[in-house]
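In case you want the letters, here they are:
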Amino acid sequence: MARQKGGLEGVVALDSSICEVDGVKGRLFYRGIEIDELAANSTYPETAYLLWYGQLPTQDQLDGLMAQFYSQRELPPEILRMIVEFMPSWDSMESLRTTVSAISGYDPGGLEHNPRDDQKRAISLTARMPTIIAAYHRARQKLPPVPPSSGLATAANFLYMLSGERPSARRARILDVCLIVHADHELNASTFAARVAASTLADIYAAVSAGIATLDGPLHGGANEQVMAMLEEVGTPDRAEEYVMDLLRRGKKVPGFGHRVYKTADPRATIIRPFAAELARESGQTRLFDTAKRIEEVVMREKGLNANLDFVSAQVYHGLGIPTDLMTPVFAMSRSAGWTAHILEQYSSNRLIRPRAKYVGPKQLHYVPVEQRKEKAA
Ligand code: COA
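Worth saying up front: this structure is predicted, and the values here are computed from it rather than measured.

Calculation notes
- Residues numbered from 1 in each chain as written.
- Predicted model: local features only at pLDDT ≥ 70, side-chain atom pairs only at ≥ 80, totals over all residues.
- Heavy atoms only, no water.
- Core = buried A, V, L, I, M, F, W, Y, C linked by side-chain atoms within 4.5 Å.
- Buried < 20%, exposed > 50% of the residue type's maximum accessible area, 1.4 Å probe, protein only.
- Helix = DSSP H or I, 4+ residues; strand = E, 2+ residues; numbered from the N terminus.
- Contact = heavy atoms within 4.5 Å.
- Disulfide = S-S within 2.5 Å.
- Phe/Tyr/Trp six-rings, centres within 6.5 Å; stacked < 30°, edge-to-face > 60°.
- Lys NZ or Arg CZ within 6 Å of the ring centre and 35° of its normal.
- Near = heavy atom within 4 Å.
- Polar contact = N/O pair within 3.5 Å; in protein donor to acceptor, adjacent residues only side chain to side chain.
- Areas by Shrake-Rupley, 256 points an atom, 1.4 Å probe, with all protein chains shown as cover.
- Nonpolar A, V, L, I, M, F, W, Y, C, P; charged D, E, K, R; others polar.

**Examining the nonpolar core**
- By size, the foremost hydrophobic cluster in this structure holds 107 residues, and its most contacted members are Trp52, Leu175, Ile272, Ile295, Val316 and Ile322.
- Residue contributions to this core peak at 11 residues, all from helix α16 (residues 327-348).
- Setting aside residues up to four positions removed in sequence, Trp52 forms contacts with Arg31, Leu65, Phe69, Gln119, Ala122, Ile123, Thr126, Ala337, Thr340, Ala341 and Leu344.

**Some details on the state of the cysteines**
- A full pass over the atoms with the stated rule returns zero disulfides.
- Considering cysteine sulfurs only, Cys178 is the nearest to Cys19, which forms no disulfide, with 17 Å between them.
- Under the relative-accessibility criterion, Cys19 is labelled buried at 10%.
- For Cys178, a relative accessible area of 0% gives the class buried.

**Topic: the packing of aromatic side chains**
- Summed over all chains, the structure comprises three aromatic pairs.
- Ring centres 4.7 Å apart and planes at 55 degrees place the aromatic pair Phe257 and Phe311 in the tilted group. Residue Phe257 is found in the loop between α12 (240-249) and α13 (267-283), and its partner Phe311 is found in helix α15 (residues 309-319); the two are separated by 54 residues along the sequence. In this pair, the class of Phe257 matches that of Phe311, namely buried.
- The ring of Tyr160 is capped by Arg166, whose NZ or CZ atom sits 5.7 Å from the centre of that ring.

**Description of the site of the ligand**
- As a structural note, the neighbourhood of the ligand is formed by 17 residues, with Lys253, Val254, Gly256, Phe257 and Arg260 the closest of them.
- The contact in question runs from an oxygen atom of the ligand to an N or O atom on the side chain of Lys253, over 2.7 Å.
- Within the contact set of the ligand, a nitrogen atom lies 2.7 Å away from a backbone nitrogen or oxygen of Val254.
- Against a free-state accessible area of 860 Å², the protein chains account for coverage of 67% of the ligand.
- In terms of residue class, the shell around the ligand is built from seven nonpolar, five polar and five charged.

Laid out in structure tokens, this is it:
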């Protein structure tokens, strides 16, 4: 069949009051607040609260949320054992997706829908995803898991659980801002998948698993890993032009460029771009950063395309010491707040999402008994 047309481009599938993207002006708002303001002033837990409840928390409400995060971060012992015993050789997204799905078996509420329990599940899933990713990473190095530290907020705690060392306040803040800008993005493919699952009244774990599965592909969240692989393959700025020109000649996409909605610079990439430069300078290793800059120049010259969030986040995560194959799981752990906010919104005003397809196949055929069928020439 010919390449699918449309891809639902420009189609408004539902009403939502969570996130607004202005692709023409390159602006993004969570619950009406512009992303630049949140990145400058907020924290990931506070932004998650905003996405879930529709307004910024008071100090008491924020303290309450942090207390829930701290108490929910640990994994059930059986789940931790499953990660340590079975998953070290698994792919990182396979491990995250399977573990999130398996956690549903340990939900004390028996998965029955009600807004109060579903909200608690949203918080506990968001609290636990960093623990899952860090435990998996430690297990594959044959290292024991580092238990979460209750004094540390999401970003600092994640870096701590990965390495066993407390990160500097600056590095924790850089990751915190990355988590804020990845936390939601309207009806991107994975959020749409999560909402479609939720619209059947499947449980929240199933819907988040659908989101994780959909994020994985290289056209969506998997792009950050592809970007890193490309930067390492190109290696030096002087090889960038030849590499990009070769990709374009062969009709291939350059990872980390283009966007379905933004027709101008991706505001999220603009926000975290200075961190990539800062971390490269700090490490004294500017080779990959300079290579990335050169790739951007060539793609802009040849295709007029801007780098997207994944192109820049790959560089920032690399600078923070996050291994390449954990970059998409880190995207998933921040998007957990957005997915669950959308799932809760879907439950609260649900109608089954069930579009139509236009049939373009053959018609008026008849059943042929098996002994009379002929193999079609390939
Ligand atoms: N490299 C080279 N050309 C690209 C490109 C890229 N990364 N992204 C888009 N284009 C070109 C297409 O070739 C096409 O050009 P043409 O009209 O001359 O054929 C045009 O831009 C439109 O591309 P299209 O594939 O129709 O856009 P889309 O809206 O379907 O796809 C993406 C959007 C994000 C899937 C696409 O840009 C892409 O594959 N990017 C790379 C993967 C990536 O970074 N994903 C993360 C997104 S946040």
